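# Observations on the three-dimensional arrangement
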Amino acid sequence: MTTSSNPVLEVSHFNVDYGVGAAAVRAVDNVTFTLERAHVLGVAGESGSGKSTLAYGLTRLLRAPGIITGGDVHLHLGTDADARRMDLLAASEAELRAIRWKHISVVMQSALNALNPVRKIGKEFDEVLKTHNRSMSKSARKDRARELLGLVNLTPDRLERYPHELSGGQRQRVMIAMALALQPELVIMDEPTTALDVVTQREIVAELQKLRQELGFALIFITHDLSLLVELADEIMVMYAGRIVERAPALELYRGPRHPYTLGLMGSFPPLHGERKVMTGIPGSPPNLKDLPGGCAFHPRCPYAMERCTLEDPMLSPIEDGQRTVACWLHDPSVSAAVPVELRRKDAALAGEAG
Amino acid sequence: MRRFRLPGTWKVRVGYFLLSIFILFTVIGPWVAPYDPSYTGFTPDLSPSSQHLLGTTLLGQDVMSQLLVGCRETLVVSFVAGVIAVVISIIVGLTAGYVGGKTDEVLSLFIAVFLTLPGLVLLIVIISLFPQGQQANPLVIGSVVALTGWAWGAKVLRAQTLSLRNRDFVEASRIIGERRWRTIFAEIGPNLLPVLASSLVGTVLYAVSVSTVLAFLGLTPITTWNWGTMLYWAFANNAALAGEWWWLAGPCLAIALVGTSLALINFGIDEYINPRLRVGNLSNRERKRAGLSRRPKLGFTPVHRVTPVIGAPVMAGAQTGPEVLATEATASTPAPREDHP
Amino acid sequence: MRTFVRKLVIALITAWVTITATFILPRLMPGNPIEQLIGKLTGRVTPEEIAAIKAQFGQGLNEPVIVQYWHYLVNLFHGDLGTSITYSPQSVSSVIFGQLWWTLGLIGTATVLSFILGTALGVYFGWTRGARTDLFIPVAGFLQSTPFYVLGTLLVMIFAFRLHWFPFEGSYDATTVSPGWNWAFIASVLRYAQLPLASIVLCSLSGWMIGMRNMMVTTMSEDFVLMAVAKGLPKRKVMWHAARNAVLPQIANLTLAIGLLVSGALIVEQVFSYQGVGGLLVNAVSNLDYPLIQGIFLVITFTVLIMSAVGDVLYVWLDPRTRTATVE
Ligand SMILES: Nc1ncnc2c1ncn2[C@@H]1O[C@H](COP(=O)(O)OP(=O)(O)OP(=O)(O)O)[C@@H](O)[C@H]1O
Ligand SMILES: [Mg+2]
C-alpha cells in the first residue's frame, strides 16, 4: 500500500510534547505514516493515547502547552500537474492560513462547542466561503451552502437556525458539510461521532462512506471504537501512549490483530457483525505519560509480556511481507517464543478458534 | 479536595505583602504614630519633612499620625462589613443553591433585587436615619455596609453550590442519607472556599470604598480618625485649592493601595478558580528557559526541535534524552534520529 | 422569553421594594429621625410646613398605616414626592429634575465610554495574554479598586491645580456663559465635564477591561474559536468570533456595574462641585431633608432600573439562546 506514490500527507518521526523542560511529557512519540490521496486512515486507541494530540499537532492547531518537538509533516497540494509539497512545520502563519480549510479541514469531537453559539448556520458557511473565495457572489455562496447541506441530508432551512436549535446529529452533519465546503484534499475528523447515539453514528459513517467515494477526499478518522472503522477506513493505525503500535489494512487488522493491545481494544467493544464475543477488555489503566514503564510501554498490561518487553522498546517493524507493521516483540524473528494463536489468525473463519 | 493555595505569581505576592503592611498598621498604627493626630499645635501647612513625614494640615495637625491612627478604623470597619456580608451571602447563597426549588426561586429573586438597588445611595439613606450617637459604631456601619454589599457574593456562591450539588461525592452523601446541613458543611463547604475567599476580598474592597465615602461626605461622625474623615477635613479646608497635596495624597494613596492589594489577591483567586486564565500552564519563565522565544499563539503551534545527545541510550524511547541543543524551528535541518536498530 | 419575564419581575419587585422601603424606613428607624428633624426645624419654618412634613411621615396622624401607604402610593403615582425642606417651598420633584439632567449626562456618557473602551481593551489584552501587555493588568487592578472619588481627587490635584489644564470645579464657566442652546455654553460644559468624566471612566473602564479580558481568555479556549482558526479566517475575524461571545457576560453584569457607577458618579460630583443629584443628596443628608433624600433614592433607583432594562434588552438581542424556548 505504501508503495504507490500519490501521497497527500507524509508524516515522519513526529513528536509532540506538552510543556517544556523537566515538566514536559511526550504525548506523540515518533509517529511516521503516509496517507495516500483519497484514502481513509482510521486512528484508534484508548482515551489519552494521543489521537487528538496527533491530529491537532499535524495541523499546527494544538494549543499551549503543546509543542511540536520533532519530525516532519508535508502536505501535497493541488493536482498532479501543479502539485506542490508543503512543509507544514516550516510554514508561516500566513501560509498556514491560506491552506487551512481549502486543503485541510477538521471536524471536532463536539459539534455543539465547535459552532459559534450566537451565529446562524448560514453565516458560518457564508464566512468560510467568502474568506477563501473573494470572487464568489453572495447568492452563489448561499446556493453552495444549500447544496452542501443537501450532501449530508439536511434541508436548506437549517441555514437560518442557530446551533442550539439543532440536534446533536444535525450539528455534526453541519460540521461535516462545512468541512467539505471548499473540497479539501484532506479532512481530519476527531471522534466526530463519539457524542452521538449508536444509530446516528452508523448513519453518519455510512454518509461519510458515500461522500468520500463521490468527492474523493482523503480522511483521517479518529475514534476509540475500532468497529466503526472497519467499513469506512482503508487502513487502521492503533496508538498507545503516543506511539503507533500497529498499522494494517482495515479488514485485516480487524480480523487478525497482531498487537495484544489491538486485540484488547477489540475485545472492549461489541463487534459490528456476528455473534457477541466475550468482552475481555484490557486490564489495568492507561499509562501515565510522565512516568512511562521502561521497555514496551504496554508490558504491564500485556498478558503475553516477556522479559524482553520490560527491557527494550519494540520498533514498529514490517511483518507478513510488509503488508502490515507492528511494534511487538512477539512478532520479532529473533524471538523464539511462539506467537499466540489469537495474534496469528488470518481470516474470519478462524475467529471461532480463538475463544 | 485540593488544598486551597493561590498560585505564587508575583501579583499575588505583592498583594499579600501590601495587605500585610496595612494589617500591621491596623494593629500597631495608633502606637507607632509619632504624635496625637488631633493635636493642633504644629506649624500649619508644612510640606513633608523629616519632622513631619507627610507634612501638617492647615489646622496644624500631623498628617502621618492621622494616617496611621486612621488605618485601624478604616480597616476594622471594612473587615467587619466584609465578614458580615460573607456570612449573609453564605446563608442565602448556600441555601438557595442547595435546597433548590421554590426556596431557590424566592432567594434568587431576593438576591437579584439587592443587586439592582444602588448600594451606596441605599446606604446613605439608611445611615442618615440612624441617630448620631450610633453612626460612629464600627459594628453599625459595618452591618449597614454589609447589608448593601452581600448580594454579589450570594449570587456567585449559589451558582457554585448548584454546580457542586450535582457532583458525585455530594450525591453520594445524599444517598447515604446524611443530614442536609452536614452535607452542606462537610462536603460542599470546603469546595466553596475559593469562591468564598473571592467574595470576601471583593466585599472588603467595596467596604473600604463606601465606608470612606460615608466619612468623606460627613455622614458618619467626623470627630474620629479614619481615611475618610481625613479627606473630609482636607476638602472642608480646600486643601487642593491651597496646593496642600500631601494632605490629600496620603489618604488617597492609602485607600488606593489597600484596594490594589486586594485586587491583586483576587487575580490569584480568579486564576485558581478558572485554570484557563493561567497561561496554558506554560509560564513565561519556563518558556524562556527552554529557549522558546515566542509566546504560543492560538492556531500556530510552535515547532521547537530538541536534539537528543548523540549516543544516548536508545532504551525506553527518546523521551528521556537530555536536551542540549535546542533550535527554534525554521525550515532547517530535521533532527538526527534513531531509526531501526 | 423566560429570562425576559424573570428580569421584568425582578425590576418590578425592585421598584416596589424601593418604594416601600422609602415609606417604611423613616417610620421604623430607631431614635425617631423625624422627631429629630422636626425639633431642628421648629422656629425656622411655618407651622403648616411642619404639619405637612409630619403628615408625610405619618406623625400625629390617626389613619392606619395601610391607608397612609395608599396615600403615599397615590401621591407617588402623580409624581408628588412632597416638599423639600432645604429648598422650600420647591417640591422635591422639581428640585430633583432641575439637577437630574446633569447627572444623567455624566452617567450616560461615562457608562457608554467606559463600556466601549474597557471592552475593546479587554479584547486586546485577552487576545495577547501572556505577552508584555499583561503588565497592564495590575495597573487596571489599581484603577478598578480605587474609589472614583479618590481618583477624582488625585486628578484634580494633578491636572487642575498643578498643571492648570482643566477647571477644578463647577459644571460650566458661570462668569462668561449663560445656560442655553448656544455654542459657548455647550463648549464650556464639555470642557468642565472632562475631568469628572475621566475619573469615572478610568475607574469603571478597568472593571470592564479585566472582566472582558478574563472572558476573552476563557472563550478563546472554546472549540469554536480554534475552529475559526482552522477555517483559515484572518486574525481579525477570529478575534470577533471570541469577542462576540465573551461580551455576553459583560452585558449580563451591566446591572451591577451601573449601580456602582451611579453611586460613584454621585460622589465624584461632590469632589468636582459638579452640578447634579450628588450635590443635592449630600445637602439633603446634612440638612436631614428626608423628603428630598427619599426622592433622590427613588429617582436614582429608577434610573438604574431603566438602564439595566436597556442592558437586558441588549442581551436578549445579542444572545439567540435566550430567545428560543428550545432547550438544547
Ligand atoms: N494540556 C495538556 N497538558 C498536559 N498534558 C496533556 C494536555 N492535553 C493532553 N495531555 C495528555 O496528552 C495525552 C494525549 O491526549 P489526547 O487528548 O491526545 O488523547 P486522545 O487519544 O485524543 O484521548 P480521547 O479519546 O480522550 O480524546 C493524554 O495522556 C493527556 O493526559
Ligand atoms: Mg481526543
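Description of the structure in this document. (Residues numbered from 1 in each chain as written. Chains lettered and ligands numbered in written order. Predicted model: local features only at pLDDT ≥ 70, side-chain atom pairs only at ≥ 80, totals over all residues. Heavy atoms only, no water.)

### Structural notes on the interface of chain A and chain C
- Chain A puts 27 residues into the contact, and the matching count from chain C is 28 residues.
- Both faces considered, chain A and chain C share a buried interface measuring about 2600 Å² in area, 60% of it formed by carbon and sulfur atoms.
- On the chain A side of the contact with chain C, A:Arg63, A:Val118 and A:His164 bury the most area, a combined 25% of that side's loss.
- When the shortest N-O distance is used, the salt bridge between C:Lys231 and A:Glu124 registers 2.8 Å.
- Between chain A and chain C we count nine residue pairs in polar contact (both at pLDDT 80 or more) in total.
- Within the residue set of the side of chain A that touches chain C, elements represented by two or more residues are helix H3 (111-114), helix H4 (121-132) and helix H6 (168-179) of chain A. (Contact = heavy atoms within 4.5 Å. Buried area = accessible area lost by both parts, 1.4 Å probe. Salt bridge = Lys/Arg side-chain N within 4 Å of Asp/Glu carboxyl O. Polar contact = N/O pair within 3.5 Å; in protein donor to acceptor, adjacent residues only side chain to side chain. Helix = DSSP H or I, 4+ residues; strand = E, 2+ residues; numbered from the N terminus.)

### A closer look at the interface of chain B and chain C
- Counting from both sides, the interface comprises 57 residues of chain B and, opposite them, 67 residues of chain C.
- Looking only at chain B, the three residues that lose the most surface to chain C are B:Leu129, B:Arg276 and B:Leu298, adding up to 13% of its buried area.
- In this assembly, chain B and chain C are joined by zero salt bridges.
- Viewed at the interface, chain C and chain B are joined by zero residue pairs in polar contact (both at pLDDT 80 or more).
- Put simply, the parts of the chain that give the side of chain B that touches chain C at least two residues each are helix H1 (10-32), helix H3 (101-116), helix H4 (119-129), helix H8 (180-216), helix H9 (227-236) and helix H10 (245-273) of chain B.
- Ranked by residue count, the leading element in the side of chain B that touches chain C is H10(B), at twelve residues.
- In terms of residue class, the side of chain B that touches chain C is built from 39 nonpolar, 13 polar and five charged. (Nonpolar A, V, L, I, M, F, W, Y, C, P; charged D, E, K, R; others polar.)

### Focus: unusual backbone geometry
Residues and elements named next belong to chain A.
- Note the cis peptide between Ala64 and Pro65, where omega equals 5°.
- Positionally, Pro65 belongs in the loop between helix H1 (51-58) and strand S4 (66-77).
- Positive phi, normally seen in glycine, also occurs at Asn153, with a value near 60°.
- Along the chain, Asn153 turns up in the loop between helix H5 (138-151) and H6.

### Considerations on the packing of aromatic side chains
- This structure, assessed with the given rule, holds 18 aromatic pairs over all chains.
- Ring geometry for B:Trp245 against B:Trp246: centres 5.7 Å apart, planes inclined by 80°, an arrangement best described as edge-to-face.
- Judged by centre distance (6.3 Å) and plane angle (20°), the rings of C:Tyr69 and C:Tyr72 are stacked. A residue pair is termed a helical-turn pair when its members lie 3 or 4 positions apart in one helix, as C:Tyr69 and C:Tyr72 do in helix H4 (residues 65-77) at three residues. C:Tyr72 carries the same exposure label as C:Tyr69, and that label is buried.
- Ring pairing ties together the aromatic residues A:Tyr240, A:Tyr261 and A:Phe298, which thus form one cluster. (Phe/Tyr/Trp six-rings, centres within 6.5 Å; stacked < 30°, edge-to-face > 60°. Buried < 20%, exposed > 50% of the residue type's maximum accessible area, 1.4 Å probe, protein only.)

### Some points on the site of ligand 1
All names here are of chain A.
- For ligand 1, the set of nearby residues contains 14 residues, the closest of which are Ser47, Gly48, Ser52, Thr53 and Glu191.
- Between an oxygen atom of ligand 1 and a main-chain N or O atom of Gly50, the distance comes to 3.0 Å.
- For ligand 1, an oxygen atom lies 2.7 Å from a polar atom in the side chain of Glu191.
- The fraction of the free accessible surface of ligand 1 (630 Å²) that becomes covered by protein chains is 65%.
- With three residues, H1 is the single largest residue contributor to the shell around ligand 1. (Near = heavy atom within 4 Å. Areas by Shrake-Rupley, 256 points an atom, 1.4 Å probe, with all protein chains shown as cover.)

### Focus on the sheet that holds strand S5 (residues 84-87) of chain A
Residues and elements named next belong to chain A.
- Taken in spatial order, the four strands line up as S2-S1-S4-S5 in an open sheet, and their pairing is antiparallel. For this open sheet the edge positions go to strand S2 (25-36) and S5, each flanked by a neighbour on one side alone. If you compare each strand with its neighbour and ignore which way they point, the axes differ by 5° on average.
- By the bridge criterion, eight bridges tie strand S1 (residues 7-18) to S4 in an arrangement that is antiparallel. Directly across from Tyr18, in S4, lies its bridge partner Gly66.
- Docked against the sheet, H1 engages S1, S2 and S4, running at close to 115° with respect to S1. (Pairing = 2+ DSSP bridges. Axes fitted to C-alpha atoms, helices over the stretch in contact; angles between N-to-C directions.)

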